Amino acid sequence: MDQNSRIERTISIFLFSGLFLNLFYIYFAQERLYSAVLTGSYALGSEKYLRILSVICIFLSVILAIFTAKNKYKISIYFSYLILIFYITLNYIVSGASLLNMTHFMDKKGIGTWICLGIIFVSYNSKRYDFFKKFLIFSAVYISLLTIYNLIDFGIGGWRGQALSKYRVYAVNYVWIAPYVFLMLKTYPHLKWLRIYIILIGIILALVIQTRSFLIIYFFTLLFDFFTTQKKSGYVILSGVFGLALTYLVINTEILSTSLELLMNRGDKDTRTEQLVIFISQLDIFQLITGSGTFATYSFGSVHDYGAVDNQWLFLIWWGGLIPVLCYAFLCGVIPVRMIFKRNLSYETKVECFVLILWFLALLGLAIFTTMSVDFFFFTISIILGRVLYKYSTNLT
């Protein structure tokens, strides 16, 4: 085995070790959320080392991949990533945050998240990416089994907060795996029942946590699937059967019928506009250019140190500044849109671009609970993004 092969193998070992550890951590993250509802404490136990080890593995794969992939991506992609890292690091240090404080370092406003974005540079290796696609199928099945276990053991609770405490982490990670897996399995006719299972679990999860935005994402996924299907008459028939089966399941299953009732009770209640109006009214134009820093907060209701915003692009420009927004928007927005309008795109590339456009819109406010972080779903989206960036750099379709 030559040196290049050894490096490629090492990158893959670190990458998938980190992904597997982070995938298994999802269970503990969900249980911690449930415990927090009961006790009010978000404190991590020994499972925190699982996450720490996961992020370390991702860091190592990023460091190796950045140097190995230097001739495989356009200079504009490298430049955008490095400028983004440099500016966020400068912002972090100027804010007075400590490089030794892992809570701040790994926070959504920390450096760690954006170092992990560097796994976009692992996707040039086709064998590695093929294994990643199989890994995502395993991940979807794993999360679905955890969901089914909770449905049997816990139900959904009597109000939305209880449902979120038991399913939110599963639902957020699943919504960024299921569309890709569902669409990619289309090329494997013998796995059609797995396709149906994957999308069905996603819809059930969205119903259980009563989250309209996730239902919209699955609706867009089904629309994309329809318009990329040649035999549309057969698809309509199958979709009709699937719709009737789902309706029957919802009506005749207490858990799902209760979830639907709670979702309907929410109606068209707007849960974000008030927050955005209050947030925007407190913005400083100069700070939007430079960024307000790691410890940026604003007043929301009776809370005077609120640090979250549902629109992640506003959130990023608020604390990080204009430069990180431009860099990340170029990588995950501009390039996928350019790619999807190219002629003779392969089905795989169309699916990848479609998922990334959904991601871009989700960060814009389409989907709640979705953000850039050291969470499993951000890693998987970044790897898919990396594949599109590689194809863009090498004119592959």
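Figured I'd write up the structure that's included with this text. Fair warning: this is a prediction, and the values are worked out from it, not measured in the lab.

Scanning the chain for helices and strands turns up 18 helices and 2 strands. Evaluated residue by residue, the chain yields a buried proportion of 50% over its 397 residues. Of the contacts made within the chain by residues no fewer than 6 positions apart, 76% connect residues no fewer than 24 positions apart.

Among the nonpolar cores identified, the biggest contains 123 residues, and Leu19, Trp114, Phe121 and Tyr328 are the most heavily contacted of them. Top element by residues in this core is helix 18 (residues 376–394). It accounts for 12 residues. Residues contacting Phe121, with those up to four places away along its chain left out, are Ala65, Ile66, Ala69, Tyr73, Ile77, Tyr78 and Tyr81.

A contiguous nonpolar surface patch, about 700 Å² in accessible area, is contributed by Tyr49, Ile52, Leu53, Ile56, Leu60, Ile63 and Phe67. Inspection of the secondary structure puts Leu60 in helix 2 (residues 48–68).

Interhelical geometry of helix 1 (residues 3–39) versus helix 18 gives an angle of 145° and a closest axis separation of 9 Å. From helix 1, Leu15, Leu19, Asn22, Leu23 and Ile26 reach across to helix 18, where they touch Phe376, Phe379 and Ile383.

With that out of the way, let us pick up the packing of aromatic side chains. As enumerated under the stated definition, the model contains 29 aromatic pairs in all. Seen in terms of ring centroids, Phe20 and Phe135 are 4.7 Å apart; in terms of plane orientation they differ by 75°. Their pairing is edge-to-face. With Phe20 in helix 1 and Phe135 in helix 6 (residues 126–153), this residue pair connects regions lying 115 residues apart in the sequence. Using a relative accessible area of 28% as the deciding quantity, one classes Phe20 as partly exposed. What makes Phe135 buried here is its relative accessible area of 2%. A ring pair is formed by Tyr81 and Phe121, whose centres lie 5.5 Å apart and whose planes are at 80°; its orientation type is edge-to-face. Taken as a pair, Tyr81 in helix 3 (residues 75–94) and Phe121 in the loop between helix 5 (112–116) and helix 6 lie far apart in primary sequence, 40 residues in all. The pair formed by Tyr81 and Phe121 is uniform in burial state, with each residue classed as buried. Grouped by ring-pair contacts, the aromatic residues Phe16, Phe20, Phe24, Phe131, Phe135, Phe138, Tyr142 and Phe376 constitute a single cluster.

The subject of this paragraph is helix 18. Helix length check: helix 18, at 19 residues, gives a terminal C-alpha distance of 28 Å against a target of 27 Å (1.5 Å per residue), a fit within 8%. The buried count for helix 18 comes to 18 of 19 residues, which makes it a mostly enclosed element. One or two residues past the end of helix 18 sits Asn395, with phi positive at roughly 60°.

Turning our attention to the pattern of salt bridges. Evaluated as defined, the whole model comprises 9 salt bridges. The partner of Glu8 in a salt bridge is Arg128, and the shortest N-O contact between them spans 2.5 Å. Of this pair, Glu8 sits in helix 1 while Arg128 sits in helix 6, and the two are 120 residues apart along the sequence. A salt bridge links Lys391 to Glu352, with the nearest nitrogen and oxygen atoms 3.0 Å apart. Here the residue Lys391 occupies a position in helix 18, and Glu352 occupies one in helix 17 (residues 347–366), the gap between them amounting to 39 residues.

On to the environment of Pro336. Inspection of the secondary structure assignment puts Pro336 in helix 16 (residues 322–340). For Pro336, a relative accessible area of 0% translates into the label buried. Once the C-alpha coordinates of Pro336 and Val355 are considered, the two residues, 19 residues apart in sequence, prove to be 9.4 Å apart. The contact partners of Pro336, leaving out residues within four places of it in the chain, are Leu331, Cys353, Leu356, Leu385 and Val388.

Here Phe330 lies in helix 16. Distance from Phe330 to Tyr81, taken between C-alpha atoms, is 9.9 Å for residues 249 residues apart in sequence. The contacts of Phe330, once residues within four sequence positions are left out, are Ser76, Ser80, Ile335 and Arg338.

Attention now goes to the side chain of Ser144. Its place among the elements puts Ser144 in helix 6. Judged by relative accessible area, which is 0%, Ser144 ranks as buried. For Ser144, the side chain forms a polar contact with the main-chain oxygen of Val141, separated by 2.6 Å.

On to unusual backbone geometry. Unusually for a residue other than glycine, Asn344 sits at a positive phi of about 55°. The residue Asn344 is located in the loop between helix 16 and helix 17 in this model. Relative accessible area serves as the criterion here: at 72%, Asn344 is assigned to the exposed category. Positive phi values are uncommon outside glycine, yet Phe369 reaches one of about 70°.

Following both chains from N to C, one finds helix 15 (residues 312–319) and helix 16 inclined at 140°, their axes separated by 7 Å at the closest point. From helix 15, Trp313, Leu316 and Ile317 reach across to helix 16, where they touch Leu322, Pro324, Val325, Tyr328, Ala329 and Cys332. Class assignment of the residues belonging to the contact of helix 15 with helix 16 gives a composition of 9 nonpolar, no polar and no charged.

In this sheet, strand 2 (residues 303–306) lies alongside strand 1 (residues 298–300) in antiparallel orientation, the contact comprising 2 bridges. When the sheet's bridge partners are listed, Phe300 is paired in strand 2 with Val303. Joining the antiparallel neighbours strand 1 and strand 2 is a turn of 2 residues, in which Gly301 adopts a positive phi near 65°.

Thresholds, definitions, all that
- All residue numbers refer to position in the chain's written sequence, counted from 1.
- Confidence filtering applies because this is a predicted model: local features only for residues at pLDDT of at least 70, side-chain atom pairs given and counted only at 80 or more, and all residues used for totals across whole chains, interfaces and linings.
- Side-chain calculation: all heavy atoms of the structure are included, whereas hydrogens and water are not.
- The way it works is that DSSP assigns letters per residue, a run of H or I at least four long becomes a helix, a run of E at least two long becomes a strand, and they are numbered from the N terminus.
- Summary of the burial criterion: residues with accessible area below 20% of their type's maximum are buried, those above 50% are exposed, and those between are partly exposed, where the area comes from a 1.4 Å probe applied to protein chains only.
- Contact definition: two residues touch when any of their heavy atoms are within 4.5 Å.
- Working definition of a nonpolar core: buried Ala, Val, Leu, Ile, Met, Phe, Trp, Tyr and Cys residues. They are joined through side-chain atoms within 4.5 Å.
- Exposure above 30% relative accessible area and no salt bridge define the residues that can form patches, which grow by joining like charges within 9 Å and nonpolar side chains of Val, Leu, Ile, Met, Phe, Trp and Tyr within 5 Å.
- Using a 1.4 Å probe, accessible areas were evaluated by the Shrake-Rupley method; residue-level cover was limited to the displayed protein chains.
- The term salt bridge refers to a pairing of a side-chain nitrogen on Lys or Arg with a carboxyl oxygen on Asp or Glu at a separation within 4 Å.
- Note on method: axes are straight lines fitted to C-alpha atoms, helices fitted across the in-contact stretch only, with angles between N-to-C directions ranging 0 to 180 degrees.
- Aromatic rings from Phe, Tyr and Trp, taking only the six-membered ring of Trp, are treated as a pair when their centres fall within 6.5 Å; an angle between ring planes under 30 degrees marks them as stacked, one over 60 as edge-to-face, and anything in between as tilted.
- Given the number of residues in a helix, its expected span is that number minus one, multiplied by 1.5 Å.
- Polar contact is the term for a pair of N or O atoms within 3.5 Å; when the atoms are in protein, one must be able to donate a hydrogen and the other to accept it, and sequence-neighboring residues count only if both atoms are side-chain atoms.
- Under the convention adopted here, Pro, Cys and the residues Ala, Val, Leu, Ile, Met, Phe, Trp and Tyr are nonpolar, Asp, Glu, Lys and Arg are charged, and Gly plus all remaining residues are polar.
- Note on pairing: two strands pair once DSSP finds at least 2 bridges between them.

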